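Listed below are the residues making up each chain.
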Amino acid sequence: MKRMTKFAGSLVFLSLTAAAMPASAAKIGVTMSAFDDNFLTVVRNSMKSHAASQKDVSVQFEDAQNDIGKQLSQVQNFIAQKVDAIVVNVVDTEVTPKISKMASAAGIPLVYVNRLPADRVLPAKVAFVGSNELESGTLQMKEVCRLMGGKGNIVVMMGDLSNQAARQRTKDVEDVIATPACKGIKIVEKQTAKWSRTEGRDLVMNWLSAGVKFDAVVSNNDEMALGAIQALKAAKRNNVIVAGVDATRDALTAMKNGELKVTVFQNGAGQGRGAIDVALKLSKGEKVPAMNYIPFELVTPANLKNYEARN
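Presented here is a report on the structure given in the accompanying data block.

Reading the values: the criteria
Residues numbered from 1 in each chain as written. Predicted model: local features only at pLDDT ≥ 70, side-chain atom pairs only at ≥ 80, totals over all residues. Heavy atoms only, no water. Salt bridge = Lys/Arg side-chain N within 4 Å of Asp/Glu carboxyl O. Helix = DSSP H or I, 4+ residues; strand = E, 2+ residues; numbered from the N terminus. Buried < 20%, exposed > 50% of the residue type's maximum accessible area, 1.4 Å probe, protein only. Pairing = 2+ DSSP bridges. Axes fitted to C-alpha atoms, helices over the stretch in contact; angles between N-to-C directions. Contact = heavy atoms within 4.5 Å.

Once their charged atoms are close, side chains differing in charge can pair, the charge on each being opposite to the other. Throughout the structure, instances matching the rule amount to 11 salt bridges. In this structure, the salt-bridge partner of Arg197 is Glu223, at a minimum N-O distance of 3.0 Å. Here Arg197 is found in helix H7 (residues 197-209), whereas its partner Glu223 is found in helix H8 (residues 222-234), with 26 residues between them in sequence. On the accessibility criterion, Glu223 (13% relative accessible area) is buried. A salt bridge links Glu259 to Lys233, with the nearest nitrogen and oxygen atoms 3.0 Å apart. In this pair, Glu259 sits in the loop between helix H9 (249-256) and strand S10 (263-265) while Lys233 sits in helix H8, placing the two residues 26 residues apart along the sequence.

Now the structure itself:
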């Protein structure tokens, strides 16, 4: 009888120990195109804090430093580590079919965040979390058109052309000025400044030095728009409308100061949280939509206060 009691006690101890042990922790590998991008830092910090709020979830972040070769190596390393899911903010959207194939072959769920993958159809256990770029440049340019009264000259600063967002936002601008209400607007210059504040400043300085006449600067993102503001201030051109996209903190400060007239809120924090949630669901075998969109929102001086604390 003593033996049976001892054995039963052992079973109780083992069951209690098993109950106390945490479930197997989920490990997510994240490769970001660049750590030094202001908007992407919002996305990354959101992923980090949201993962920390979940039980038994760890995240490993890697900086691709805008090098697609480095990013592919990082994805391969995550696969070799047998992580539970991979999140990619891709350097070059044209390479996503290769990344999707790598992850699918390894049976590891994959989530693209912020930048739309070029895959015609996303494979099983592959999803996108971000915003629909058909809205971004459209909202931006419609407001610029309204401010310009439907006529005048604009210059367009494009992001890195390897990025789908840069191409789509530029097309959005072109589509808006092709509409009857805005057909009096003409694009007099259009060049890339690679999402950079410094390159945006230099590009606008070059246009000013060359005598280009324009009434508005329409930029694919806020960083380049802030560079344009620097150049315009130096040239004492205070009557030019400047528009960006992202509603970063620096951009909203510039809007508060009357320097930026238009931006479009892209919910970086929402994208970060969404990427972690979708990655965890896929890792558990749950079904999720292939495309998970978070809406863009127009920001102007009139509604600025609603966005000051959101990015």
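A word on the sheet that holds strand S7 (residues 184-192). Taken in spatial order, the four strands line up as S7-S6-S8-S9 in an open sheet, and their pairing is parallel. Only two strands of the sheet have a single partner each, and these edge strands are S7 and strand S9 (241-243). Neighbour-to-neighbour, the strand axes of the sheet open up by a mean angle of 20 degrees, direction not taken into account. Relative to strand S8 (residues 216-219), strand S6 (residues 151-158) runs parallel, the two being bridged by four bridges. What sits directly across from Val156, in S8, is Val218. Of the strands in this sheet, S6, S7, S8 and S9 are in contact with helix H5 (residues 133-148), which crosses S8 at around 175 degrees. On the sheet, helix H6 (residues 164-177) packs against S6, S7 and S8 and is oriented at approximately 165 degrees with respect to S7.

Strands sit in the order S2-S1-S3-S4-S5-S11 across an open sheet of six strands; the sheet is parallel. Edge strands, defined here as strands with exactly one partner in the open sheet, are strand S2 (57-63) and strand S11 (291-293). Adjacent strand axes in the sheet meet at a mean angle of 20 degrees when their direction is disregarded. Where strand S1 (residues 26-32) lies against strand S3 (residues 85-88), four bridges are found, and the strand directions are parallel. Bridge pairing in S3 links Val30 to Val87. Here helix H4 (residues 96-106) sits on the sheet in contact with S3, strand S4 (110-113) and strand S5 (126-130), set at roughly 155 degrees to S4.

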